[in-house]
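# Fold and geometry: a report
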Amino acid sequence: VQLVESGGGLVQPGGSLRLSCVGSGFTFSRYGMSWYRQAPGKGRERVATITSIGGGTNYVDSVKGRFTISRDNAKNTVYLQMNSLKSEDTAIYYCNGGIVGLWSWGQGTQVTVSS
């Protein structure tokens, strides 16, 4: 299994980013997928989850109304659209299967929100 995240960067508060994660080595369409993040000095936190066919989503309270998770099973890709970014969203963002992380973690993509 390989998970490759991309799309991070430096953005000002209030800005937007769209993260992508391409999965390979497993049948992508059979698994719910989640985005997680780890801020400096903190543990990893699950922020958004989407069911295998995209019919259901779930978000941690701190990102509700600002982040949107989606997926394209034809492209083996899960996305995280992040709007109205805040400094506290600064973290390395990872994707993984399920709600606890089914596979080895990828390298993640750094998101830094700063003026």
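Computed from a prediction, not measured in an experiment: that's the story for all the values here. (Residues numbered from 1 in each chain as written. Predicted model: local features only at pLDDT ≥ 70, side-chain atom pairs only at ≥ 80, totals over all residues. Heavy atoms only, no water.)

Once that is clear, we can look at the sheet that holds strand β2 (residues 9-11). Sheet architecture is open: six strands sit in the order β2-β10-β9-β4-β5-β6, paired in mixed fashion. The outermost strands of the open sheet, each flanked by one partner alone, are β2 and β6 (57-59). The average angle at which neighbouring strand axes cross in this sheet is 25°, direction not considered. Relative to strand β10 (residues 109-113), β2 runs parallel, the two sharing three bridges. Directly across from Gly9, in β10, lies its bridge partner Val111. (Pairing = 2+ DSSP bridges. Helix = DSSP H or I, 4+ residues; strand = E, 2+ residues; numbered from the N terminus. Axes fitted to C-alpha atoms, helices over the stretch in contact; angles between N-to-C directions.)

Taken as a whole and judged by the stated rule, the model has four salt bridges. For Glu45, the salt bridge goes to Arg37, with nearest N and O atoms at 2.9 Å. According to the relative accessible area criterion, Arg37 is buried, its value standing at 7%. Across the pair Asp89 and Arg37 runs a salt bridge, and its minimum N-O distance is 2.9 Å. One end of the pair, Asp89, is in the loop between β8 (77-82) and β9 (91-97); the other, Arg37, is in strand β4 (residues 33-38), and 52 residues separate them in sequence. Here the two residues Asp89 and Arg37 agree in accessibility, since each one is buried. Among the charged side chains, a salt-bridge network with shared partners connects Arg37, Glu45, Arg66 and Asp89. (Salt bridge = Lys/Arg side-chain N within 4 Å of Asp/Glu carboxyl O. Buried < 20%, exposed > 50% of the residue type's maximum accessible area, 1.4 Å probe, protein only.)

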